[in-house]
Amino acid sequence: MKSFLCSAMLANADENDEAHIVLCRVLMGRPEVIPAGSSKLHPSSDNYDSAIDNKQNPQWYVVWGKDMNTRILPEYVVSFKCPSLHPMRVNECSV
């Protein structure tokens, strides 16, 4: 449940004070560890096809752009009103 709350807090409200989150199924494959908030855009080698922030207790997940069409299946769009939604930084939201 905390993951959903973190996603909601990171969402941007539109002109109607509504925010939208897409819930997806994701096939992670062989993840490598990268720090949360990293600006890395590609895996460090062909041995990895995704990334996580912590091997024992992952809280942030990355699917590289080249793999997103084969590893991510959007299932739901959740829309909600958020008149007082304040953006959070990545390191402020822990699961």
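Counting restarts for each chain, with residues numbered from 1 along the sequence as it is written. Local features in this predicted model are restricted to residues whose pLDDT is 70 or higher, and side-chain atom pairs enter the listing and the counts only when it is 80 or higher, whereas totals over whole chains, interfaces and linings include all residues. Heavy atoms throughout the structure, all of them, feed into the side-chain values; hydrogens and water do not.

- Per an unreviewed UniProt entry, the chain goes by the name PARP catalytic domain-containing protein and belongs to Aegilops tauschii subsp. strangulata.

1. A word on a nonpolar patch on the surface
- Nonpolar side chains (Val, Leu, Ile, Met, Phe, Trp, Tyr) within 5 Å and like charges within 9 Å form the patches, drawn only from residues with over 30% relative accessible area and no salt bridge. For the area figures, the Shrake-Rupley method with a 1.4 Å probe applies, and any residue is considered shielded solely by the protein chains shown. The rule for a salt bridge is simple: a side-chain nitrogen of Lys or Arg has to be within 4 Å of a carboxyl oxygen of Asp or Glu. A surface patch of nonpolar side chains, about 230 Å² in accessible area, is lined by V26, M68 and I72.
- Residue burial is assigned from relative accessible area. The probe radius is 1.4 Å, only protein chains are included, and a residue is buried under 20% of its type maximum, exposed over 50%, and partly exposed in between. Judged by relative accessible area, which is 30%, I72 ranks as partly exposed.

2. A few points about the pattern of salt bridges
- Inspection of the entire model under this criterion finds 4 salt bridges.
- Between K66 and D67 there is a salt bridge, and its shortest N-O distance comes to 3.3 Å.
- Classification of K66 as exposed rests on a relative accessible area of 60%.

3. Quick look at the confidence of the model for the chain
- Considering every residue of the chain, the mean pLDDT works out to 82; 81% of them sit at 70 or more.
- Per-element confidence in the chain is highest for strand β2 (residues 31-33), whose mean pLDDT is 95, and lowest for helix α1 (residues 2-10), whose mean pLDDT is 73. Confidence scores labelled pLDDT are given residue by residue by the predictor and lie between 0 and 100. In this description a helix means any DSSP run of H or I spanning at least four residues, a strand means any run of E spanning at least two, and both kinds are numbered starting from the N terminus.

4. Comments concerning the environment of V62
- Mapped onto the fold, V62 is located in strand β4 (residues 61-63).
- As for V62 and V26, which are separated by 36 residues in sequence, their C-alpha atoms are 9.8 Å apart.
- When sequence neighbours within four positions are dropped, the list of residues in contact with V62 reads M28, I34, S50 and A51. We call two residues in contact when some of their heavy atoms are within 4.5 Å.

5. Notes on unusual backbone geometry
- Backbone geometry at D17 places phi at a positive 60 degrees, although glycine is not the residue there.
- Assignment of secondary structure puts D17 in the loop between α1 and β1 (18-26).

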